[in-house]
Amino acid sequence: MPEPARAAAREPVRGAARDVAVVAFAQSGHVRDSAATSEVEMLLPVLHDVLAQTGLRARDIDFTCSGSSDYLAGRAFSFTMALDGVGAWPPISESHVEMDGAWALYEAWVKILTGEADTALVYAYGKSSSGDVREVLTRQLDPYYVAPLWPDSVALAALQARALIDAGLTDERRPAGTAARRRGGPVRPPGEYVVAPLRTGDCPPVVDGAAAVVLAAGDTARRLTDRPAWIRGLDHRIEAHSLGVRDLTDSPSTRLAAERAGAFERPVDTAELHAPFASQEVVLRRALKLDGPRGAHVRINPSGGALAANPVMAAGLIRIGEAAARIRRGESDRALAHATSGPCLQQNLVAVLEGDPRPGTGGQPEEGQ
Amino acid sequence: MSEVLTAPLVVEFPFTRSLGPVQSAFLTGLRERCVLGVRATDGRVVVPPVEYDPVTADEIRDLVEVGTGGTVTTWAWNPSPRRGQPLAAPFAWVLVRLDGADTALLHALDAPGPEAVRTGMRVRIRWAAERTGAITDIACFEPAEGDRTVHQPQAHSGEFDDPLTGITTPARLDYTYSPGRAQSRYLQALADHRTIGERCPSCRKVYVPPRGACPTCGVATTTQVEVGPRGTVTTYCIVNIKARNLDIEVPYVYAHIALDGADLALHARIGGIPYDQVRMGLRVEPVWTDGSRYPDHYRPTGEPDADYDSYKELI
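What counts and how
Residues numbered from 1 in each chain as written. Chains lettered and ligands numbered in written order. Predicted model: local features only at pLDDT ≥ 70, side-chain atom pairs only at ≥ 80, totals over all residues. Heavy atoms only, no water. Helix = DSSP H or I, 4+ residues; strand = E, 2+ residues; numbered from the N terminus. Rg over C-alpha atoms; globule rule 2.2 N^0.38 Å. Buried < 20%, exposed > 50% of the residue type's maximum accessible area, 1.4 Å probe, protein only. Contact = heavy atoms within 4.5 Å. Areas by Shrake-Rupley, 256 points an atom, 1.4 Å probe, with all protein chains shown as cover. Buried area = accessible area lost by both parts, 1.4 Å probe. Salt bridge = Lys/Arg side-chain N within 4 Å of Asp/Glu carboxyl O. Polar contact = N/O pair within 3.5 Å; in protein donor to acceptor, adjacent residues only side chain to side chain. Axes fitted to C-alpha atoms, helices over the stretch in contact; angles between N-to-C directions. Parallel < 35°, antiparallel > 145°, perpendicular 65-115°, else oblique. Nonpolar A, V, L, I, M, F, W, Y, C, P; charged D, E, K, R; others polar. Patch = residues over 30% accessible without salt bridge, like charges linked within 9 Å, V, L, I, M, F, W, Y side chains within 5 Å. Pairing = 2+ DSSP bridges. Core = buried A, V, L, I, M, F, W, Y, C linked by side-chain atoms within 4.5 Å.

Student: Describe the overall build of chain B, and please don't skip the residues or the numbers.
Tutor: The helix and strand inventory of chain B stands at three helices and 19 strands. Relative to the compact-globule value of 20 Å for 315 residues, chain B shows a C-alpha radius of gyration of 31 Å, a clear excess of over 25%. Reported as C-alpha extents along the three principal axes, the dimensions of chain B are approximately 90 × 45 × 40 Å. For chain B, the residues scored as buried account for 48% of the 315 residues in total. Summarising the internal contacts of chain B: among those between residues at least 6 apart in sequence, 58% fall at separations of at least 24.

Below, the structure written as structure tokens:
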């Protein structure tokens, strides 16, 4: 889809005056049903873990931002209950997005870029086991023309999968994400059709979980960790509202976000893609130019990706956290992380992360890494 | 550890939404078996119509009538229809490009099985017997092989008798609510007419009701502390307006009560004393009624009032 004309006036924030890095990442175990714990009880160990990695206490954090959804909890202002976990006592500076935590990270990044904060705690959680997530997600659809039909999240992803088969980009006998998952996480058996052509092995297990990252600026980041994962670019874009207007085999918003984040300027060695459904990974690999010779040396979803575990509202933040963790461990020099929200890759966020040059590498990723 | 409580939770709303001019024309049109689209800035006909161009975001109002037959652009076979979906028997979800349209509409296709469905197949609208002006006025699509009628979009005023100005879309979601460990312990203790709080290991304050975390320090609270049953009124208000479905005579007093040993005040009704004699510092105790999981109200104990200094931090 052509880019809206007025978007040209918006300059990317890349190249801004401050360097911002992910300095810590933690996530919970992902469980099918977390009825034994409330949201804040699930979140607390993750918050303690991520803060302990930096030596910071909750009260030392300049800005706190969270991502979650009232529709998963079935309760208004549900994020306020989880706020107890960060010591929500004045004068805390705090915000919340009703989206995946990757978008909370975007807000925190902007907050640090403005100079109003040097450190930020970003967390996200989802306890989708308390409801029926396939039905819950129908409530984010167009309420006039689509939501009254109650098309569930698997049905919409299945329409996209069929469009990919018809376009010859994948085929029905071979689950679309298998090749990628063989490189990364475990390969699951194809299983029964949920909504054909998607089988159970092409759909994410619905799990409850939480994740958190700490962001820090410049020298603060260097003080808090040996190898910060610097955010070199971060951008998010959205597709047209109606599914029938879109080409479901493509993701122009992912491509545009990646371009604005600087993803295509130099090759990456790692890509963490938020593709809850196997077929969506095909769309993302194409949009991000990870197929073919250019992508031959890219590790795609070494964490196993969202198809291995999809804690709704946290899975996108986990992609950024996993990419950053690889950089911090020295397993990556330049990584791309992607997060999505909404049906059929409606909204997409791309982050480009880099580690400082290491001795002997010249700062460039080695071939074949 | 005590058992974690769960309970069914139903969230249900009859969402009432107003319609803009384009949505109103489209949904009123469905009631009259007429499908309208809108011409976008680039000349494409968008069905179902939108008020703002999907690419340029310009306001668009140029309505056209399109055909009631069309072509499947993509589909998915749904072997297990769910509550609220258009058909009760297995069906195909389809995106259909109606004749004369350039975009596709999402709906259900009534077909005997997945082998009877393919991309590119011809289908037509099956109208609902009773139509109210909703997307469900299209009951579903049905196969219409051989129907090759070419339909050119026709300009349409969008005007109908008795146009719709709004729709009501009921929605219901079912949950199993779980309050987690800390609140389960609190509720289970209440069933035994005991009140428990939890102490923060950092600031030593006792929170009641406990939620498993100290909201000041941001650390987990794990030590249970029995508080009360007696307490002190820290502040109060006099309620003069009768709440619907609440069988309590007005005026009555609603108060914050610091239970003995707690560092956070609960709120509850005060009874057993004329409303205009309730005061800060009044010592009170809970009154339980049979079968209730929480005190019905608090009444004076007859003790001397508490010193202001003993509760001023809890106001």
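We are not done yet, so read on.
Student: Go over the overall build of chain A, please, and point to the residues and values.
Tutor: Within chain A, the regular secondary structure consists of 12 helices and 14 strands. For chain A, the proportion of its 369 residues judged to be buried stands at 64%. A total accessible area of about 13,300 Å² is found for chain A, and carbon and sulfur atoms account for 51% of it.

Student: An account of the interface of chain B and chain A is requested, with residue identities and associated values reported.
Tutor: Between chain B and chain A, the residue contacts involve 65 residues of the former and 55 residues of the latter. Taken together, the two surfaces of chain B and chain A that pack against each other cover about 5,000 Å², and 60% of this comes from carbon and sulfur. Of all residues in chain B, the largest losses of buried area upon contact with chain A belong to R82, Y175 and R211 of chain B, amounting jointly to 13% of the total for that side. Summed over the shared surface of chain B and chain A, the number is three salt bridges. Inspection of the region where chain B meets chain A yields 20 residue pairs in polar contact (both at pLDDT 80 or more). Residue assignment for the side of chain B that touches chain A shows that the elements contributing at least two residues are β1 (7-18), α1 (21-31), β5 (69-78), β6 (91-98), β7 (105-109), β11 (166-177) and α2 (180-191) of chain B. For the side of chain B that touches chain A, the leading source of residues is β11 of chain B, giving 10 residues.

Student: Can you tell me about the packing of helix α4 (residues 101-113) of chain A against helix α12 (residues 315-328) of chain A, naming the residues and giving the values?
Tutor: Residue and element names in this part refer to chain A. For the pair α4 and α12, the least separation of the axes is 6 Å and the interaxial angle reads 60°. Between α4 and α12, the interaxial angle falls into the category oblique. Contacts between α4 and α12 involve G101, A102 and L105 from the former and G316, L317 and I320 from the latter. For the contact of α4 with α12, the residue count by class is four nonpolar, two polar and no charged.

Student: So what's going on with a nonpolar patch on the surface? Which residues, and what values?
Tutor: A contiguous nonpolar surface patch, about 560 Å² in accessible area, is contributed by Y236, I238, Y275, M280, Y308 and I315 of chain B. The topology assignment puts I238 of chain B in strand β15 (residues 231-239).

Student: Could you give an account of the sheet that holds strand β13 (residues 206-207) of chain B, with specific residues and numbers?
Tutor: Residue and element names in this part refer to chain B. Reading across from one edge, β13-β12-β14 is the order of the three strands in this open sheet, with antiparallel pairing throughout. Lying at the two open borders of the sheet, with one neighbouring strand each, are β13 and β14 (223-227). Pairing of strand β12 (residues 195-199) with β13 involves two bridges; the strand directions are antiparallel. Considered in β13, the bridge of E198 is made with Y207. Strands in contact with α2 are β12 and β14; relative to β12, the strand with the most contacts, it is inclined by about 150°.

Student: Kindly report on the nonpolar core, identifying the contributing residues and their values.
Tutor: Core analysis: the largest hydrophobic core is formed by 62 residues, its most contacted members being V35, L98, L109 and F141 of chain B. Considering every element that reaches this core, the biggest residue donor is helix α6 (residues 153-166) of chain A, with eight residues. Sequence-distant contacts of F141 of chain B, that is, excluding residues within four places in its chain, are made with V94, V96, L98, L105, H107, A108, L109, D110, V123, R124, I125 and R126 of chain B. Listed in part, the 41 residues of the second largest apolar core include C65, I320, A339 and L349 of chain A.

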